[in-house]
Amino acid sequence: MTPYLPPPRADGLITLDANESPFDLPEAVRSAFLRRIRTLVFNRYPDGPSTELRTAVGQRVGLLPDWIVAGNGSDELIGLLIDAFVPHRGMVVVPDPTFVMYERLAKIRGERVVKIPLDERFDLSREFLNPKLLREASLWFFAYPNNPTANCFSKEILAKIINRARGVVVIDEAYVDFSGKTFLRAVRRKKNLVILRTFSKALGIALGRVGLAFAHPCLTRLLHVVRMPYNLSGLGQALALTTLASSTAIQKNIRMIRTERGKLVTRLTATESILAPLPTDANFVLARVSPGHSPKKVFEFLRRRGILIKIFHEPRLERFVRITVGRPAEMQKLSAALDELERTSCRA
Ligand SMILES: Cc1ncc(COP(=O)(O)O)c(C=O)c1O
């Protein structure tokens, strides 16, 4: 396996390739964070189980802190879920395509990964209801909405999987603020369900690396067993707490991203567009590159104009590009660059 090296930080470029929030921390939240930092005790270890953060989050979602685990990004929680619930050489089921870290973190731990292809609309097929899988898999991962396809899977099939699986089912709601669709309420009834959330996307603090898992205490207890004693830094906890307390400014950013997403889809749906968007519930759009054009050429064309988007190498996605929704001015630049690309290719 090769190291997972994210592309180097591209200062000065319009980065529409990593599904982050395009908005830096609002000034009022930044000042509140700096004030909070002044009160921290630097020579002591942080609050190990992130109790203050779990309590604050729990109050918002109506769960006690023992239903919540905080992690160093949801990436860490994905690894902890595998450590806690998959025996040696156990089976982990993931849809294909999906967020690559599920497979990667399972393989690093020597687990068997079963990848089930999504159907032609990138939704769950009946294959996910195979009784042998439901009996034998220890852990299932579903990103909801899915990355990179941007859609929310069929709620009915997901509910059936949760009801019938012997193993633990993880619904990763990293983009929930853009979809408004959640299984969080079901954790009270389903003792095999884990919901993952992150502060890295809509909440706009990818720098802080904070993720959360919500589940019945019989599951969270095991996550605490495999968790490092101080897995989340004091700075990460302080940043997450400040962000939680300042949600008005952040909600405004989320509304703006949703508006820009609508405009992007409308722009790409225009008849002559080289990129045909798929339905999206996230802060990004997966778009099929029209025949006669190459995703790599589209990528390079935009890159020369200072705009970074994501292309793929796996066969199922090689005709697609993924574009994260940016700030209004960035989206205008993208639109102008696409106009130029379409004009040039019409003339060619
Ligand atoms: C579906 C999904 N889950 C989790 C993550 C990682 O989130 P975090 O920054 O909390 O590790 C991503 C990041 O792209 C993602 O797309």
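Conventions and cut-offs
- Residues numbered from 1 in each chain as written.
- Predicted model: local features only at pLDDT ≥ 70, side-chain atom pairs only at ≥ 80, totals over all residues.
- Helix = DSSP H or I, 4+ residues; strand = E, 2+ residues; numbered from the N terminus.
- Rg over C-alpha atoms; globule rule 2.2 N^0.38 Å.
- Buried ≥ 20, exposed ≤ 12 C-beta atoms within 10 Å, placed from the backbone.
- Contact = placed C-beta atoms within 7 Å.
- Axes fitted to C-alpha atoms, helices over the stretch in contact; angles between N-to-C directions.
- Parallel < 35°, antiparallel > 145°, perpendicular 65-115°, else oblique.
- Nonpolar A, V, L, I, M, F, W, Y, C, P; charged D, E, K, R; others polar.
- Domains from an automatic or database assignment.

**Comments concerning the overall build of the protein**
Line of reasoning, step 1. Scanning the protein for helices and strands turns up 12 helices and 13 strands.
Line of reasoning, step 2. A globule of 348 residues ought to have a C-alpha radius of gyration of about 20 Å, and the protein, at 21 Å, matches this closely.
Line of reasoning, step 3. Its C-alpha atoms give the protein principal-axis dimensions of about 65 × 55 × 35 Å.
Line of reasoning, step 4. For the protein, with 348 residues in total, the buried portion stands at 43%.
Line of reasoning, step 5. Residue pairs at least 24 apart in sequence account for 71% of intrachain contacts in the protein once pairs closer than 6 positions are excluded.

**What to know about the packing of helix α3 (residues 73–85) against helix α8 (residues 217–226)**
Line of reasoning, step 1. For the pair α3 and α8, interaxial distance at closest approach is 9 Å and the crossing angle is 105°. Considered as vectors, α3 and α8 are oriented roughly perpendicular to each other. Two secondary-structure elements touch here, α3 through Leu80, Asp83 and Ala84 and α8 through Leu222, Leu223, Val225 and Val226.
Line of reasoning, step 2. Residue classes in the contact of α3 with α8 are distributed as 6 nonpolar, no polar and 1 charged.

**Digging into the domain arrangement of the protein**
Line of reasoning, step 1. For the protein, the assigned domains are domain 1 (14–23 + 248–347) and domain 2 (27–245).
Line of reasoning, step 2. Relative placement of domain 1 and domain 2: their C-alpha centres are 27 Å apart.
Line of reasoning, step 3. The partner domain 2 presents 22 residues to the 23 residues of domain 1 that form the contact.
Line of reasoning, step 4. Broken down by secondary-structure element, the contributors of at least two residues to the side of domain 1 that touches domain 2 are α10 (247–269) and β10 (284–289).
Line of reasoning, step 5. Sorting elements by how many residues they give to the side of domain 1 that touches domain 2 places α10 first, with 6 residues.
Line of reasoning, step 6. Tallied by class, the residues present in the side of domain 1 that touches domain 2 amount to 12 nonpolar, 5 polar and 6 charged.

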